[in-house]
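# Chain and residue survey
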Amino acid sequence: MKTSGSEASGVRLGLISDTHGFLDPQVFTLFEGVDAILHAGDIGYASIIQELEGIAPVTAVLGNNDAGLDFRLTEVMEAAGRKILVHHIVNPRAPAESIGDRFRSAQPQAVVFGHTHQPFHETLHGVVLINPGYAGRPRFKLARSVATAVVSADGIAVTFHPL
């Protein structure tokens, strides 16, 4: 998917992961007006993606709990001229090693991932790494969150939103 957006405002992305079959109703408000949504795996049911597509186009990848869903392990999309790679399990300290050839061939400016259920945002070796956190059902007092990002020629600005 290629999303351009205006130079002044950038491309607004909704970032979500680890829904595990549950889409919190707050997501519809938090992602209102985004240009695209990236789901970094452990979706649960294909219907989650269909619901998100009611907000904006979705790029989604398989997580380690997504048996039977028809998505790929890795996707690369472009927003505001920046390549963004989406993959579920990523070691943020060594993304090239954990993702492999797809990382090296895509040479992304950003990586969106999930799996750890922990929000993460850091720039390492010139690559912006973002984990929006856990968005599934409330359980075990686990913190839940999604993120939004504005991608522009100036960079990538990320905001986390608690659920």
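Residues numbered from 1 in each chain as written. Predicted model: local features only at pLDDT ≥ 70, side-chain atom pairs only at ≥ 80, totals over all residues. Heavy atoms only, no water.

Phi angles above zero are rare outside glycine, and Ala80 is one such case at about 55 degrees. A relative accessible area of 22% means that Ala80 is categorised as partly exposed. With phi around 55 degrees, Lys141 is a residue other than glycine that occupies positive phi space. Looking at the secondary structure, you find Lys141 in the loop between strand E9 (127-131) and strand E10 (145-152). Accessibility expressed as a relative area gives 86% for Lys141, which makes it exposed. (Buried < 20%, exposed > 50% of the residue type's maximum accessible area, 1.4 Å probe, protein only. Helix = DSSP H or I, 4+ residues; strand = E, 2+ residues; numbered from the N terminus.)

As a further point, take the side chain of His87. Mapped onto the secondary structure, His87 falls in strand E6 (residues 82-87). You can call His87 buried: its relative accessible area is 13%. Only 2.6 Å separates the side chain of His87 from the side chain of Thr74, close enough to count as a polar contact. Aside from chain neighbours lying at most four places away, what touches His87 is Val61, Leu73, Thr74, Ile99, Val112, Phe113 and Gly114. (Polar contact = N/O pair within 3.5 Å; in protein donor to acceptor, adjacent residues only side chain to side chain. Contact = heavy atoms within 4.5 Å.)

With that out of the way, let us pick up the nonpolar core. Within the largest apolar cluster, 20 residues are counted, with the highest numbers of intra-cluster contacts made by Leu13, Leu15, Leu38, Met77, Ile84, Val112 and Ile156. At the level of elements, strand E2 (11-16), strand E3 (36-39), strand E5 (74-79), E6, strand E7 (110-112), E9, E10 and strand E11 (155-162) are the ones that each hand at least two residues to this core. Counting residues in each nonpolar core, the second largest holds 18 residues, with Ile16, Val34, Ile48 and Ala60 among its members. (Core = buried A, V, L, I, M, F, W, Y, C linked by side-chain atoms within 4.5 Å.)

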